[in-house]
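Chains, contacts and geometry: an overview
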Amino acid sequence: MNLIVIGLNHRSAPVEVRERLAFAKSNLAEAHGLLLAATPLRESAILSTCNRVEIYALADSAADAVPSVRRFLHEHHKLSDPVDAYLYEHRDDGCIQHLFEVACGLDSMVLGETEILGQVKEAYSAAQEAGATGAVLNRLFQKAFAAAKHIRSTTAITRGSTSVGTVAVDLAEKIFGKLGKCSVMVIGTGEISAATARALRSRGAGTILVCSRTHERAETLAVELQGRAISYEQWASEFSAVDIVISSTAAPHPIITKDKLIPLMKARRLRPLFLIDIAVPRDIERACSELESVYLYDIDDLQVIARENMAARERERVACQALIAQHVRRFVNWLENNRGALEERYRSRTANATLSSPAHTPAS
Amino acid sequence: MLTDRTFLWLAQVFYAASCVVTLRRLRAGGGGTNLQRTNYVVMAAGFALHTVFLYLRGQALGRCPLTNLFETQAFVAWAAVLFFLLIGPSYRVSFLGAFTAPLVLVICLAALISPVDVVRAEPLVRSGWIEFHAAIAILAYGAFALAFVTGAMYLLQERQLKTRRLTSSFLLLPSIEQLDVIHFRLLIMGFTMLTVAMIGGVISYRIVGHWTTPKIIWASSVWVLYGALVLARGLWTLRGRKVAVASMTSFVLMLVGFWGVNLLQP
């Protein structure tokens, strides 16, 4: 009896290949049925995200099962050319370790990202609902979730934001606390400033004002952010009520200067002001940060912090792997201790199955 | 020999342990909220022993244990921990214990090591008003001590935000706005209690009339100092960093004045 994973990810395959192998969420149940019918697998689970497509499976013999799973992938997706070169494969301990690492975000493009755990959970419940999992995969996935929880709470692998937008949100939260009462002004609608505004909105930022030289673009972004578009001439007058400013205009000279800020800060009664300057050349005079309660970050500052956080996560990798090794060992022990009983159960089911139709029901 | 002082020493073991937990949290880069809970439990255990000390001492004296500098210092530290235990969870101030424990440890160890635990030569004037006055004043100092702590946290976090150099404490520390608000609340609480204590002091003076001039000057200065601070923050004249600096300075001045008054004129 072997555990197997066959799949590809962002490292092994380019997006053109990954998208051809992706399974749509809506027909996962059907795919599971086809997979189990076409291959000698005992249990299976399909994990399909934008960065990876993986089939986890339990088979009587890996040697027999692997070629059929590979064949299934090609046939199911009607691939004209073989993608075998992009596929990797791990067995038994390797498979267990791989799933645990995936669930913990160690195998993700952004190390330690947490979205993957939700995706693994969805993949597992889809497989379970399709009746594709059994005693072994059920336990394997449960233990993967437990390992992820353990690693998240005891290491710093998920700590610190790693993109400009989320770093800006972290900073905003360390200045203002909850963002519900904060109003944000977006001046200029670049890609990064939109992402930053979106990140602030997703963490509950209050009012969002958008202004741009081209009013339609301001309108579009304002609608998306559920904010309000204001004309470019208006920004200065609205400025005093704003807590967070994201600036990314194409202006050749600073549009916000220390001299302009001094009276505004007085009117704000020293309530903090968070200035995010994403423009190059910069929109906000560096000297503004000399003022009390003004916190100014430009694109380089944010990128440096994001990179440092990434490096800090990278340093946690070894500690995570040590913890994962413990979890893997525990699962391997369980599997060894129960191998006889599990194999017996599947043998008797096969015997029954020859009498009736094949059924893959969750064993637990 | 198991004396009441032993319990105070034991409490210090827990406060020291809390400092160790903090160092571990910093090394873990902020990973693990379970350490925050551990820290709270450790501080609560220290507080329990600390309370046993005050209780035993109070029983032995047959009055509120504020008869010498040693007892007073231990009492102020106790009040600071009390405020930490109350405020930490209710306002969800993360990392408050990390700053409270070292301060409390310093105040208590200074009291335990220095030869200030002496029995008074002349018996103290007994008066309910005096004890009431003293106990409330000590609670006020406890609130000011915790204001000192939140002020220190504010300055550290504000500095990181301003200089854009984020250390491992960045994610553990609360936002500067939250610290500013809690700081102000502690100042109000402290000042209110101090005002009540002052009124108690005036009444007991009229009844017993034993206060010395340096003590009256010191107490009035502290009251004026903190009163001005509360007013300035309330009217938004001062905010944030300046309030933190002013409050921390006031606390240090208060302690220095306190030692001065008590050591020079027991």
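Residues numbered from 1 in each chain as written. Chains lettered and ligands numbered in written order. Predicted model: local features only at pLDDT ≥ 70, side-chain atom pairs only at ≥ 80, totals over all residues.

**Details of the interface of chain B and chain A**
Listed as interface residues are 21 residues of chain B and, on the opposing side, 23 residues of chain A. Only helix H5 (128–163) and helix H6 (176–207) of chain B provide two or more residues apiece to the side of chain B that touches chain A. Considered class by class, the residues forming the side of chain B that touches chain A number 7 nonpolar, 9 polar and 5 charged. (Contact = placed C-beta atoms within 7 Å. Helix = DSSP H or I, 4+ residues; strand = E, 2+ residues; numbered from the N terminus. Nonpolar A, V, L, I, M, F, W, Y, C, P; charged D, E, K, R; others polar.)

**Quick look at the domain arrangement of chain A**
Here the domain parsing of chain A yields domain 1 (2–154 + 313–355) and domain 2 (164–292). Spacing between the C-alpha centres of domain 1 of chain A and domain 2 of chain A amounts to 44 Å. (Domains from an automatic or database assignment.)

**Quick word on the sheet that holds strand S5 (residues 184–187) of chain A**
All names here are of chain A. Taken together, 6 strands build an open sheet; the order of strands is S7-S6-S5-S8-S9-S10 and the sheet is parallel. In this open sheet, the two strands that pair with only one neighbour each are strand S7 (228–230) and strand S10 (294–298). Across this sheet, the average inter-strand angle for adjacent strands is 20 degrees, counted without regard to direction. Where strand S8 (residues 244–247) and strand S9 (residues 273–277) come together, 4 bridges link them in parallel fashion. Bridge assignment links isoleucine 246 to a residue of S9, and that residue is isoleucine 276. Sheet strands in contact with helix H9 (residues 215–224) are S5, strand S6 (208–211) and S7, and its direction is about 165 degrees off that of S7. (Pairing = 2+ DSSP bridges. Axes fitted to C-alpha atoms, helices over the stretch in contact; angles between N-to-C directions.)

**Some points on helix H8 (residues 191–202) of chain A**
All names here are of chain A. Taking 1.5 Å of rise per residue, 12 residues should cover 16 Å, and H8 covers 16 Å from first to last C-alpha, within 8% of that figure. Restricting attention to buried positions, one finds in H8 the residues Ser193, Ala194, Thr196, Ala197, Ala199 and Leu200. Immediately downstream of H8, the backbone of glycine 204 shows phi near 90 degrees, a positive value. (Expected span 1.5 Å × (residues − 1). Buried ≥ 20, exposed ≤ 12 C-beta atoms within 10 Å, placed from the backbone.)

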